[in-house]
Amino acid sequence: MKHLLDTQGLAYHDALAILDTAEEMTAVSSRQVKKLPTLRGRTVVNLFYEDSTRTRISFEAAAKRLSADVMNFSAKGSSVSKGESLKDTVQTLDAMGADAIVIRHSASGAAAQLAASDWSEAAVVNAGDGTHEHPTQALLDALTLRRGWSSAHLNGPRGTDLTGMKVLIVGDIVHSRVARSNVWLLRTLGAEVHLAAPATLLPYGVESWPAIVHYSLDEALSAAPDAVMMLRVQAERMGGVFFPTAAEYTRRWGLTDERLRVVEQLRLGDTDSPALILHPGPMNRGVEISSAAADSPQAKILDQVAHGVAVRMAVLHLLLSQRQHDGNHDE
Ligand code: CP
């Protein structure tokens, strides 16, 4: 694996290797001294053309915990406002020495364009490109799901996939790179994927996706999912009107206090453990998810954040240590 651009092309064994390595990294993150020397002397560039809290900070924390140097670039406040192109920005940062470039961009395909270019020899990690993919989000979601699923079944998580698990993804799927990355990865890991959304928020061609589509959230919940992943309503990507009002959206598609009572009855497979609630963040509390649902014991939203650091440590470790072995970089 030279780059991590998407989950659609991520092989089963590579996905499991990332999840298993992330398990080891969670142990590092829970130590008093949260450091490994693995990437000492390496430089990770965070190149963010869109706003981010979780992804940018957790990539920074991940790189630092592996002892790498970190350069943070935000388009806001940079020479992008003077018209500097992506190519010139990448070449400028590359000239300062980049071993990995983590890129978030509003254009779908930006990470792939960078990886295919001769602008830099660095490993490229897609931290979200337009509405296309957000692979490390799906991997941290998978780590969260696998930990819940395996602990309910009294198994160790390492080496296992999500076979038998039913995951429901709800809401603004058309604008969601998180949904796309999750659909591909969950299928690769053997889960059964369900989608629930208004027709206006489903992408063209969704019937060819490896997922069961529901046009009613209540009907989707009656299919007894093991996990319910609520998506943020991405108002910033909505040029037109996709639903009548926020209140109407919440009534039909929100994880409200009333629907939380239904989710509280759901179980993880045939165990007594409760089903899981996930949200990639940031949340619109009171729109797609009520505060009671977001803060309920079933919600794994802060676990997802913690797993984000571990997964990103695993990705950087696997990409850059592989390069050391390949001899692509001088020691
Ligand atoms: N889930 C996610 O990508 O959050 P940020 O936009 O805060 O990085």
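Numbering of residues begins from 1 in every chain and follows the order in which that chain's sequence is written. Residues qualify for local features only when their pLDDT is at least 70, as the model is predicted, and side-chain atom pairs are given and counted only at 80 or more; totals for whole chains, interfaces and linings, by contrast, use all residues. To obtain the side-chain values, all non-hydrogen atoms of the structure were used and water was disregarded.

Taken domain by domain, the protein chain comprises domain 1 (12–133 + 306–326) and domain 2 (135–300). Note that the domain bounds reflect an automated or database-derived domain assignment. Placing a centre on the C-alpha atoms of domain 1 and another on those of domain 2 gives a separation of 26 Å. Residue contacts follow a heavy-atom distance rule, with two residues in contact if any of their heavy atoms lie within 4.5 Å. Contacts between the two partners involve 28 residues from domain 1 and, on the opposite side, 29 residues from domain 2. A 1.4 Å probe defines the accessible area here, and the buried area is the portion of it lost by two parts on being joined, summed over both. Both faces combined, the contact of domain 1 with domain 2 buries some 2,400 Å², and carbon together with sulfur accounts for 57% of it. Sorting the residues of domain 1 by area buried against domain 2 places Glu23, Glu133 and His307 first, and these three jointly supply 26% of that buried surface. Any carboxyl oxygen of Asp or Glu that lies within 4 Å of a side-chain nitrogen of Lys or Arg is treated as forming a salt bridge with it. One salt bridge in this structure joins Arg147 and Glu23, with 2.8 Å as the shortest N-O distance. Whenever a nitrogen or oxygen atom comes within 3.5 Å of another N or O atom, the pair is scored as a polar contact, on the condition that within protein one atom can donate a hydrogen and the other can accept it, and that pairs from neighbouring residues in sequence are kept only if both atoms are in side chains. In this structure, the connection of domain 1 to domain 2 is made through 12 residue pairs in polar contact (both at pLDDT 80 or more). Going along the chain from the N terminus, every DSSP run of H or I of four or more residues is numbered as a helix, and every run of E of two or more is numbered as a strand. Looking at the side of domain 1 that touches domain 2, the element that brings in the most residues is helix 1 (residues 12–29), giving 10 residues.

Residues in contact with the ligand, as listed here, are Ser52, Thr53, Arg54, Thr55, Arg104, His134, Gln137, Pro280 and Gly281. Residue Ser52 places a side-chain N or O atom 2.6 Å away from an oxygen atom belonging to the ligand. A distance of 2.9 Å is found between an oxygen atom of the ligand and a side-chain nitrogen or oxygen belonging to His134. Shrake-Rupley sampling with a 1.4 Å probe provides the accessible areas, and residues are treated as covered by the protein chains on show and by no other component. A total of 260 Å² of accessible area belongs to the ligand in isolation, and the protein chains cover 91% of it. Gly is placed with the polar residues, together with every amino acid not listed as nonpolar (Ala, Val, Leu, Ile, Met, Phe, Trp, Tyr, Cys and Pro) or charged (Asp, Glu, Lys and Arg). Counted by class, the shell around the ligand contains 1 nonpolar, 6 polar and 2 charged residues. Both of domain 1 (12–133 + 306–326) and domain 2 (135–300) provide at least three residues apiece to the shell around the ligand. We call a residue near a molecule or strand whenever a single non-hydrogen atom of that residue lies within 4 Å of it.

Moving on, we come to the pairing of strand 4 (residues 123–129). Note on classification: 1.4 Å probe, protein chains only; a residue is buried when its accessible area is under 20% of the maximum for its type, exposed when over 50%, partly exposed between these limits. Across the 7 residues of strand 4, 7 count as buried, placing the element largely inside the fold. As defined by bridge partners, strand 3 (residues 100–105) adjoins strand 4 across 5 bridges and the pair is classed as parallel. For Ile101, the partnering residue across the bridge sits in strand 4 and is Val124. With strands facing away from the observer, any crossover in which the path from the first strand over the helix to the second runs clockwise is taken as right-handed. Regarding the hand of the β-α-β motif, the stretch spanning strand 3, helix 4 (residues 110–116) and strand 4 is right-handed. Whether two strands pair comes down to DSSP finding at least two bridges between them.

A word on the packing of aromatic side chains. Only the six-membered ring of Trp is used, alongside the rings of Phe and Tyr, when aromatic pairs are assigned; centres must lie within 6.5 Å, and planes under 30 degrees apart are stacked while those over 60 apart are edge-to-face, with the rest tilted. Scanning the model with the defined rule gives 2 aromatic pairs in all. Both rings, one in Tyr49 and one in Phe73, keep their centres 5.6 Å apart while their planes meet at 45 degrees; by these two values the pair is tilted. Of this pair, Tyr49 sits in the loop between strand 1 (43–48) and helix 2 (54–65) while Phe73 sits in strand 2 (residues 69–74); the two residues are 24 residues apart in sequence, bridging distant segments of the chain. On the numbers, 5.9 Å between centres and 50 degrees between planes, the contact of Trp184 with Trp209 is tilted. One end of the pair, Trp184, is in helix 6 (residues 177–188); the other, Trp209, is in the loop between strand 6 (192–196) and strand 7 (212–214), with 25 residues separating them in the sequence. The class for Trp184 is buried, based on a relative accessible area of 18%. By relative accessible area, which is 11% here, Trp209 ends up buried.

Another aspect to go through is the sheet that holds strand 2. Spatially, 2-1-3-4 is the arrangement adopted by the 4 strands of the open sheet, whose pairing is parallel. Each edge of the open sheet is held by one strand with a lone partner, namely strand 2 and strand 4. For this sheet, the mean inter-axis angle between neighbouring strands, taken without regard to orientation, is 15 degrees. Looking at chain direction, strand 1 and strand 3 are connected through 5 bridges and run parallel. When the sheet's bridge partners are listed, Val45 is paired in strand 3 with Ile101. Strands in contact with helix 2 are strand 1, strand 2, strand 3 and strand 4; relative to strand 1, the strand with the most contacts, it is inclined by about 175 degrees. As a rule, the C-alpha atoms of each element are fitted with a line to give its axis, helices using only the stretch in contact, and angles between N-to-C directions run from 0 to 180 degrees.

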